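# Survey of secondary and tertiary structure
Each chain, letter by letter, is given below.
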There are 4 protein chains.
Amino acid sequence: MSCYLKGKDKILIRLKRMEGQVRGIQRMVQQGKYCIDILTQLSSVMAASQKLGLIVLENHIQGCVRGAVSHKRDNASVEELVKVIQEFVKS
Amino acid sequence: MSCYLKGKDKILIRLKRMEGQVRGIQRMVQQGKYCIDILTQLSSVMAASQKLGLIVLENHIQGCVRGAVSHKRDNASVEELVKVIQEFVKS
Amino acid sequence: MSCYLKGKDKILIRLKRMEGQVRGIQRMVQQGKYCIDILTQLSSVMAASQKLGLIVLENHIQGCVRGAVSHKRDNASVEELVKVIQEFVKS
Amino acid sequence: MSCYLKGKDKILIRLKRMEGQVRGIQRMVQQGKYCIDILTQLSSVMAASQKLGLIVLENHIQGCVRGAVSHKRDNASVEELVKVIQEFVKS
């Protein structure tokens, strides 16, 4: 099944920024930076992934699930949605 | 203040893997992959940052805080530790 | 809008257990129990609320959202769902 | 090992409020209230446990760990602290 992701460009900008953050943490580790500063950067990556995950989830619910449900192909997509929310909440 | 991070090599391997995951998600977005699969990958990045954060935190508490406390330079380091745990728990 | 919650009895058993846990923590605080043990109990209450939240969320998505969407009353319910997931993920 | 918890009264007030919230959710379930409102209340219990957990953790680090470390009884208490933070972050 395919599903159109709205606002691809903005999502890619967020992902590029996350990639930059992860590379920045690598440099901090190599240069022996203070662990508290490394932890702050890791918290920031976690927050950025969570924010982006919520954007993708909203997009999915508003587009794909709604489309699937109104076309009576809903069982699989509802179960799949519940499963991905569980993974997301627990991580 | 500086603080020696034990197991730098293993930490860098984890960060390289996280960077690869984030780049993989960029490709998935560009290729219009299914949003549920994108979300699963984002949950995996969140779990990886959390895991690494706990490793750095353990290292910090066992090395830097203990050292600071036993040298009577503890006030700042204990407050800093509490603050970083708050950020980490909330993100 | 009303929405039928399946498995009310099991949900009430979980809530009774959570209430018992919270009262148990009160006794621990009054008796001056070790803070690590208090924290372990608080983590357990958090895990229990999260588990129950996921059960209610699954129930809501499988019942109420699906019903709303297939009856073309979907806009409000989808927005509401996204909002409650955001609250839940962030807390 | 014992450990003095500062601000017991305020902590007990928070726990009483949490107990009231959990009982309120039981009534909501019994009365067949809308699941989104139940979820909002559960998110609020999770946020309240997290907030209280951070208060107890701060108290523990500032009092018990510091005391233990400066008295050279630190190994066990540092390991225990790391373990409880892991439980707390993951739940």
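Under an unreviewed UniProt entry, the name given to chain A is CsoR family transcriptional regulator, copper-sensing transcriptional repressor, and the source organism is Candidatus Hakubella thermalkaliphila. Recorded in UniProt under Sequence similarities (unreviewed entry), the annotation for chain A is "Belongs to the CsoR family."

### Things to note about the environment of C:Gln21
Residue and element names in this part refer to chain C. Tracing the chain through its elements places Gln21 in helix α1 (residues 8-30). Residue Gln21 is classed as buried on the basis of its relative accessible area of 18%. Along the primary structure Gln21 and Val45 are separated by 24 residues, whereas in three dimensions their C-alpha atoms are 6.9 Å apart. Apart from residues no more than four positions distant in its own chain, Gln21 is found in contact with Gln41, Ser44, Val45 and Ala48. Within the structure, the side chain of Gln21 is placed 2.6 Å from the side chain of Ser44, a separation counted as a polar contact.

### Details of the pattern of salt bridges
The final tally for this structure, using the stated rule, is 16 salt bridges over all chains. The shortest N-O distance in the salt bridge between B:Arg23 and A:Glu19 comes to 3.1 Å. Of the two residues, B:Arg23 is situated in helix α1 (residues 8-30) and A:Glu19 in helix α1 (residues 8-30); the pairing between them involves two chains.

### Section: the interface of chain C and chain D
The partner chain D presents 45 residues to the 45 residues of chain C that form the contact. Where chain C abuts chain D, roughly 4,300 Å² becomes buried across the two surfaces, and 73% of that area is made up of carbon and sulfur atoms. Taken together, chain C and chain D are joined by 16 residue pairs in polar contact (both at pLDDT 80 or more). If one sorts the elements of the side of chain C that touches chain D by residue count, helix α2 (residues 35-70) of chain C sits on top with 19 residues.

### Focus on α1(C)
Owing to its 3.6 residues per turn, the α-helix brings residues three or four apart onto one side. All names here are of chain C. Compared with an ideal rise of 1.5 Å per residue, which puts 23 residues at 33 Å, α1 spans 33 Å between its outermost C-alpha atoms and is within 8% of the ideal. For α1, the set of buried residues is Ile11, Leu12, Leu15, Met18, Glu19, Gln21, Val22, Gly24, Ile25, Gln26, Met28 and Val29. Gly32 sits one or two positions beyond α1 and adopts a positive phi of about 70°.

Scoring rules and cut-offs
- Residues numbered from 1 in each chain as written.
- Chains lettered and ligands numbered in written order.
- Predicted model: local features only at pLDDT ≥ 70, side-chain atom pairs only at ≥ 80, totals over all residues.
- Heavy atoms only, no water.
- UniProt positions renumbered as here; feature names shortened; annotations may be inferred.
- Helix = DSSP H or I, 4+ residues; strand = E, 2+ residues; numbered from the N terminus.
- Buried < 20%, exposed > 50% of the residue type's maximum accessible area, 1.4 Å probe, protein only.
- Contact = heavy atoms within 4.5 Å.
- Polar contact = N/O pair within 3.5 Å; in protein donor to acceptor, adjacent residues only side chain to side chain.
- Salt bridge = Lys/Arg side-chain N within 4 Å of Asp/Glu carboxyl O.
- Buried area = accessible area lost by both parts, 1.4 Å probe.
- Expected span 1.5 Å × (residues − 1).

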